[in-house]
Amino acid sequence: MYRTNERQMSLYDYLPPYHGQLAEQNRWVRLAHAIDWDAFEREYSGHFGRAGKVAIPARVAFGCLIVRAACGVSDRETVFLIRESPYLQYFLGFDTFTDDVPFSPRSMERFRARIPAAQVRRAVRLLRSFESGADGDAD
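Residues numbered from 1 in each chain as written. Predicted model: local features only at pLDDT ≥ 70, side-chain atom pairs only at ≥ 80, totals over all residues. Heavy atoms only, no water.

Student: If you had to explain helix H1 (residues 27-34) to someone new, which residues and values would you point to?
Tutor: Residues separated by three or four positions in an α-helix point in the same direction, a consequence of the helix having 3.6 residues per turn. For H1, the set of buried residues is Trp28, Val29, Arg30, Leu31 and Ala32. Elements in contact with the buried residues of H1: helix H2 (37-45), helix H3 (58-71), helix H5 (86-91) and helix H7 (117-131). Taking the backbone nitrogen of Trp28 as reference, a side-chain oxygen 2.7 Å away marks Asn26 as the first, capping residue of H1. (Buried < 20%, exposed > 50% of the residue type's maximum accessible area, 1.4 Å probe, protein only. Helix = DSSP H or I, 4+ residues; strand = E, 2+ residues; numbered from the N terminus. Contact = heavy atoms within 4.5 Å. Polar contact = N/O pair within 3.5 Å; in protein donor to acceptor, adjacent residues only side chain to side chain.)

Student: Account for the nonpolar core, naming residues and giving values.
Tutor: Counting 35 residues, the largest nonpolar core has Trp28, Ile66, Phe91 and Phe103 as its most contacted members. At the level of secondary structure, the elements contributing two or more residues to this core comprise H1, H2, H3, helix H4 (75-84), H5, helix H6 (107-114) and H7. In terms of residue count, H3 provides more of this core than any other element does, 9 residues in total. Excluding its chain neighbours within four sequence positions, the residues that come into contact with Ile66 are Trp28, Leu31, Ile35, Phe91, Val120, Ala123 and Val124. (Core = buried A, V, L, I, M, F, W, Y, C linked by side-chain atoms within 4.5 Å.)

Keep in mind that these numbers describe shape and distance, not what the molecule does.
Here it is, written out as structure tokens:
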């Protein structure tokens, strides 16, 4: 037997599964805790001078590249995924969930120019270890 849905579901009818809290065992939460963001920030900041436009934070830049590589998607799709996911936004260090991300797909080309692909690959391997149930150590 099949019962039809009487009406179209409203956005306000939907209760998010995380009830305002993210699951600590989520792979993106675990990876966020495993990466030494302060060390990466010190390294990344060396690419910039003292004057000029304020750059996108290191965690956002590095995190975007990790998301892109782990998900195997384009720059444009990476931005869409981040805009839609509270877990990815947490991973990137956002304070709250937002529909506005502070970068565009074009920004990611600049991120790739400053962040070695080997660092991104190491982070993706660590993420994969969380997916398989193994615990990994950040390099």
